[in-house]
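Working through the structure, step by step
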Amino acid sequence: MLKTALLSTWPWENLGVYKYMLLGPLVGKVIHSRLEGDDHNLASTWCFHILLISFLRFALYMWYTNTCNMLFLTRNRRICTKGIDFEQIDKEWNWDNFLILQALIASMAIYLFPYGFANLSVWETKGLVAIVVVHVFVSEPLYYWMHRLLHGNYLYTPYHSFHHSSTVPQPVTAGSTTFLEGLLVTTVIGVPILICCLLGFGSKTVIYGYVFVFDFLCCFGHSNVEIVPHWIFDDFPFFKYLLYTPTYYSLHHSEKNSNYCLFMPLYDAIWNTLNTKSWDLHKRISLDAGKSTRVPDFVFLAHVVDIRSALHVPFIFRSFSSLPYNARLFLLPLFPTTFIVMLVMWAKAKTFLLSFYNLRGRLHQTWVVPRFGFQYFLPFASEGINKHIEEAILRADKLGVKVISLAALNKNEALNGGGTLFVKKHPNLKVRVVHGNTLTAAVILNEIHEDVKEVFLTGATSKLGRAIALYLCRRGVRVLMLTHATERFQNIQSEAPTDCQKNLVQVTKYQAARNCKTWVVGKWITPGQQRWAPSGTHFHQFVVPPIFAFRRDCTYGDLAAMKLPDDVEGLGSCEYTMGRGIVHACHAGGVVHSLEGWTHHEVGALDVDRIDVVWKAAIKHGFQPVCSHPK
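Everything numeric here is computed off the predicted structure, so don't read it as measured data.

1. A few points about the pairing of strand 6 (residues 454-457)
Here strand 6 runs beside strand 7 (residues 478-482); their pairing, made up of four bridges, is parallel. For Glu-454, the partnering residue across the bridge sits in strand 7 and is Arg-478. Taken together, strand 6, helix 21 (residues 463-474) and strand 7 constitute a β-α-β crossover, and its handedness is right-handed. The pairing of strand 6 with strand 9 (residues 518-521) spans two bridges and is classified as parallel. Residue pairing in the sheet places Phe-456 in a bridge with Trp-519 of strand 9.

Structure follows, in structure tokens:
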């Protein structure tokens, strides 16, 4: 988009979140009237209505967008199958600019034409008829010709190309426009309301109703989810000219040279710009609804961590999900609802599809086991959790998925032996089950500087702890293994080469690490236990959830992770605690397993000799280390 074009940028483009202060005078007018006891003042009344309508419109667009991102409901009804990436989300960040513009213009209209908006009744039948007639015979053709002109040689690049740069239509894409387009759409939606009121047929219900029907149809058309059954057009052929469908609009969005109408394809038919593929494509998508289309090559089987992070998903707040997770105060009011949803999920939910992306022509999906982190530590919940994991593995096997990788708690040793339970129970699985811990170990080990001579290790006898200890002792590093299980320590020590066994040292107290500045945390430690670390200590960690960053004189690493290759497509959400384009090492490990075409399961104990093999394969395929250790 050319920034120099007149009316191409929004006047408040550089204000950020402070743009909402533009509505301050309306808020002030309402508050002042309430304090003065002048609640029935025309300006005050309509300032209140304008603010309420703006809030409800915002909520409608957010609700519809969130619903479209519920892939477990919409995946087989999506028209454009591409993912919504970070670039599109950033581009549409200020989609609600038009709501501010229309609120300001509406308030001006009331000041300019007070007689038209004074003493409006709650309902007026003539007003309903009038506003429909004006919309059909004024707004629809007006929008059609303005839209068609925006696709002309002179106007498209500076004014309309920005809207079409969003590759996957979403309800909020309707508001992702330039300032000129915002003014034009304001005219289209404003003319019927103004004419209706000036004729004396206005009513509050008609105004509210028209605005929300208009917005709903905008969301509907931009949704990229086809919900209109084709039998309606078969039984009532003329209906296809009265109301467009998401498929109809998607063709305009992708091909750009047809289907210019607002909501009624009748005007495209009249002026010969109706795309001939519209109904055939709609029929195909409508008939295919409910059928699984494309089988993923790889599935990452995740789980919910806690109530806070449960809100960090694309179908709650798309923009929030696209940023690295951070606890925010605006989420607090949603906690009670999330708690209720958690109980419902516990009682009835099944494993569901959360997100997807594409890598080199391969479809990668994230499925979620409907269990929260604390539930994995309830003895009576283990059987149910394993049942969900087993069903997900069998479903992936039936679909033809090549690799399924288990997230942190889904491969808990006490739960299922790091996935061993399922492989033994189903020896003929075609899908490869991977815990991804080999790459997790590799990431942690490659973060530890070569000049480090001593490491303090908690969770020392776990799968990862064992592998890290054995690898480091071979490297000549002295490993202080915190454990009270002497027999397990001795078994691990006996696996080390004879000349390296002296490098593995069992300790039973945190005080033993008071002179060690490299801690590898595989078991959750409290702030009180962290105080034994000397100043300048760096905490590497593979514990979920991560430990609290309690010490200001120490540094804390993130969970083991890698950045996906640069050619990843359609990625628009961040994994828990991770930045953009970064996934947990167990996720990356499964992807590498798939890309390499390895035919073995990676479950149970880690093969220490494969740590370097997996690391080199990850680097070869374009994965990038994300080192959280300060240099």
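Resuming the write-up.
2. What to know about helix 8 (residues 156-164)
Burial analysis of helix 8 places seven of its nine residues in the buried class, the great majority of the element. Next to the buried residues of helix 8 lie helix 7 (125-150), helix 9 (179-198) and helix 12 (246-255).

3. Regarding the sheet that holds strand 10 (residues 538-541)
If you trace the six strands from one edge of the open sheet to the other, you get 8-7-6-9-10-11, paired in parallel fashion. Of all the strands in the sheet, the pair left with one neighbour each is strand 8 (504-507) and strand 11 (555-559). Here the average twist between neighbouring strands, direction ignored, is 20°. Of the strand pairs in this sheet, strand 9 and strand 10 are connected by four bridges, and their pairing is parallel. In the sheet register, Trp-519 faces strand 10, and the bridge partner there is Phe-539.

4. Some points on the sheet that holds strand 13 (residues 568-569)
Spatially, six strands are ordered 5-4-1-3-2-13 in an open sheet, and the strand pairing comes out mixed. Edge positions in the sheet fall to strand 5 (432-434) and strand 13, since each has one partner strand and no second. When strand 4 (residues 403-406) meets strand 5, the two strands line up parallel, connected through three bridges. From the neighbouring strand, Val-403 faces strand 5, where its bridge partner is Arg-432. Most of the contacts of helix 17 (residues 382-399) go to strand 3 (residues 362-369), to which it runs at about 160°, and overall it touches strand 1 (298-303), strand 3, strand 4 and strand 5.

5. Observations concerning the packing of helix 5 (residues 97-112) against helix 9
Running from N to C, helix 5 and helix 9 point in directions that differ by 50°, and their axes come no closer than 10 Å. Viewed along their axes, helix 5 and helix 9 adopt a mutual orientation that is oblique. The element helix 5 and its partner helix 9 pack so that their crossing is right-handed. Within the contact between the two elements, helix 5 uses Leu-101, Gln-102 and Ile-105 and helix 9 uses Phe-179, Gly-182, Leu-183, Val-185, Thr-186 and Ile-189. For the contact of helix 5 with helix 9, a count of residues per class yields six nonpolar, three polar and no charged.

6. Brief notes about the environment of Trp-367
One can find Trp-367 in strand 3. Between the C-alpha atom of Trp-367 and that of Val-614, which follows or precedes it by 247 residues, the distance is 24 Å. What Trp-367 contacts, discounting residues up to four positions off in sequence, is Val-299, Phe-300, Leu-301, Ala-302, Thr-351, Phe-352, Leu-353, Ala-392, Arg-395, Ala-396 and Leu-399.

7. Some thoughts on the nonpolar core
Grouped together as the largest cluster of nonpolar side chains are 69 residues, with contacts concentrated most on Leu-439, Met-481, Leu-504 and Phe-623. Counting residues per element, this core draws most heavily on helix 21, which supplies eight residues. Not counting residues within four places of it along the chain, the set of residues in contact with Leu-439 comprises Met-562, Ala-585, Ala-588, Gly-589, Val-592, Val-614, Trp-615 and Ala-618. By size, the runner-up hydrophobic cluster in this structure holds 55 residues, among which are Trp-10, Trp-12, Met-62 and Ile-207.

8. Comments concerning the UniProt feature "domain: Very-long-chain aldehyde decarbonylase CER1-like C-terminal" (unreviewed entry) in the chain
In this numbering, the UniProt entry assigns the feature "domain: Very-long-chain aldehyde decarbonylase CER1-like C-terminal" (unreviewed entry) to residues 455-625. Across residues 455-625, the secondary structure splits into 28% helix and 20% strand, with the terminal C-alpha atoms separated by 21 Å.

9. Considering helix 20 (residues 437-447)
Across the 11 residues that make up helix 20, a large majority, 10, are buried. Buried within helix 20 are the following residues: Asn-437, Thr-438, Leu-439, Thr-440, Ala-441, Ala-442, Val-443, Ile-444, Leu-445 and Glu-447. On its buried side, helix 20 packs onto helix 21, strand 9, strand 10, strand 12 (561-563), helix 24 (585-596) and helix 25 (611-620).

10. Details of the UniProt feature "domain: Fatty acid hydroxylase" (unreviewed entry) in the chain
In the numbering adopted here, UniProt assigns the feature "domain: Fatty acid hydroxylase" (unreviewed entry) to residues 132-273. With 61% helix and 0% strand, the stretch residues 132-273 has end C-alpha atoms that lie 24 Å from each other.

11. What to know about the side chain of Asn-97
Within the fold, Asn-97 resides in helix 5. The class for Asn-97 is buried, based on a relative accessible area of 5%. At 2.8 Å, the side chain of Asn-97 forms a polar contact with the side chain of Trp-12. The contact partners of Asn-97, leaving out residues within four places of it in the chain, are Trp-10, Trp-12 and Lys-19.

12. Considering the packing of aromatic side chains
Counting across every chain of the model gives 39 aromatic pairs. Measuring from centroid to centroid gives 5.9 Å for Phe-238 and Tyr-241, while their planes differ by 45°, and the two rings are tilted. Three or more aromatic residues link up through ring pairs in this structure, and these residues are Phe-233, Phe-238, Phe-239, Tyr-241, Tyr-248 and Trp-279. Directly above the ring of Trp-367 sits Arg-395, whose terminal nitrogen or CZ lies 4.4 Å from the centroid. Above the ring of Trp-598, the side-chain terminus of Arg-610 is found at 4.6 Å from the ring centroid.

13. Here we look at the packing of helix 7 against helix 10 (residues 204-221)
Where helix 7 meets helix 10, the closest approach of the two axes is 10 Å, and the angle between their N-to-C directions is 35°. In terms of crossing hand, the pair formed by helix 7 and helix 10 is right-handed. Listed contacts from helix 10 to Gly-127, Leu-128, Ile-131, His-135 and Ser-139 of helix 7 are Val-206, Tyr-210 and Phe-214. A breakdown of the residues in the contact of helix 7 with helix 10 according to their chemical character gives five nonpolar, three polar and no charged.

Reading the values: the criteria
Residues numbered from 1 in each chain as written. Predicted model: local features only at pLDDT ≥ 70, side-chain atom pairs only at ≥ 80, totals over all residues. Heavy atoms only, no water. Pairing = 2+ DSSP bridges. Helix = DSSP H or I, 4+ residues; strand = E, 2+ residues; numbered from the N terminus. Right-handed = clockwise from strand over helix to strand, strands pointing away. Buried < 20%, exposed > 50% of the residue type's maximum accessible area, 1.4 Å probe, protein only. Contact = heavy atoms within 4.5 Å. Axes fitted to C-alpha atoms, helices over the stretch in contact; angles between N-to-C directions. Parallel < 35°, antiparallel > 145°, perpendicular 65-115°, else oblique. Left-handed = near helix turned anticlockwise from the far one by under 90°. Nonpolar A, V, L, I, M, F, W, Y, C, P; charged D, E, K, R; others polar. Core = buried A, V, L, I, M, F, W, Y, C linked by side-chain atoms within 4.5 Å. UniProt positions renumbered as here; feature names shortened; annotations may be inferred. Polar contact = N/O pair within 3.5 Å; in protein donor to acceptor, adjacent residues only side chain to side chain. Phe/Tyr/Trp six-rings, centres within 6.5 Å; stacked < 30°, edge-to-face > 60°. Lys NZ or Arg CZ within 6 Å of the ring centre and 35° of its normal.

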